[in-house]
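These are the residues of each chain, in order.
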Amino acid sequence: MLRAGSLVLLALVMSACSRMPWQREALAVTCEIDPATGGFWYDVVIIVVLRRAGKTTISRAKLTHRALTTVDGRMIYTAQNRLKALKRLRDDFYLPLKRSPLAETLEKPRWRGGEEAVRWKTGAELAIDTVSENAGHGDMNHEAHIDEAYAHPEYAELLKGREKEDTEAKID
């Protein structure tokens, strides 16, 4: 049986991406499964690496994994602002997948203003949102990726202390 991290690596390979050693290691930790719940061990994962080091590639692989393994999965991607998020959704998520062997898993994307989403045959959707206190509220989201979070220091408080809280919850 393949572990979740292996499936994400498979998504990396299938989307014709080169893998860097740090990506393999990050996925091995990020995709650890909690044997008590069967869910991911970590609720919050923060990855900080240099520019152009493969963050978007790993994000695309992880979101594709979620889309292919979660029927009707809902995922959110944010960037510095909505226009940047839309450009990333099209150029860095949809187009590389469309040009890869995973293209057959995609449905026609939705590009209507304010409702943009990459869609999969599983019913899963990757939409964009802006970073704000209300971002991602409403529909249940299975996964959210915040790119360039440093651009929004006013929301650092939202994550502050979460790491300790999550670790303590897992130890009990």
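Residues numbered from 1 in each chain as written. Predicted model: local features only at pLDDT ≥ 70, side-chain atom pairs only at ≥ 80, totals over all residues. Heavy atoms only, no water.

**As for the packing of helix α3 (residues 55-69) against helix α4 (residues 82-98)**
Helix-helix packing: each pair is described by the crossing angle between the helix axes and the interaxial distance.
Point 1. Their axes nearest at 11 Å, the elements α3 and α4 cross at an angle of 65°. Pair α3 / α4 crosses with right-handed handedness. Contacts between α3 and α4 involve Thr 56, Ser 59, Arg 60, Leu 63 and Thr 64 from the former and Arg 88, Asp 92, Phe 93, Pro 96 and Leu 97 from the latter. (Axes fitted to C-alpha atoms, helices over the stretch in contact; angles between N-to-C directions. Helix = DSSP H or I, 4+ residues; strand = E, 2+ residues; numbered from the N terminus. Left-handed = near helix turned anticlockwise from the far one by under 90°. Contact = heavy atoms within 4.5 Å.)

**Quick word on the confidence of the model for the protein chain**
Point 1. Summing up the model confidence of the protein chain, the mean pLDDT is 80 and the portion of residues at 70 or higher is 72%.
Point 2. Mean pLDDT across the secondary structure elements of the protein chain bottoms out at helix α6 (residues 162-171), with 40, and peaks at strand β2 (residues 117-119), with 98.
Point 3. Across residues 162-172, where pLDDT falls below 50, the model places eight contacts with residues more than four positions away in sequence or in other chains. (pLDDT = per-residue confidence, 0-100.)

**What about the pairing of strand β1 (residues 74-78)?**
Point 1. The element β1 is largely enclosed, with a buried count of four among its five residues.
Point 2. Pairing geometry for β1 and strand β3 (residues 125-128), over four bridges, is parallel. Residue pairing for β3: Tyr 77 is matched across the bridge by Ile 128.
Point 3. Bridge analysis of β1 against strand β4 (residues 143-146) gives four bridges, and the strand direction is parallel. (Buried < 20%, exposed > 50% of the residue type's maximum accessible area, 1.4 Å probe, protein only. Pairing = 2+ DSSP bridges.)

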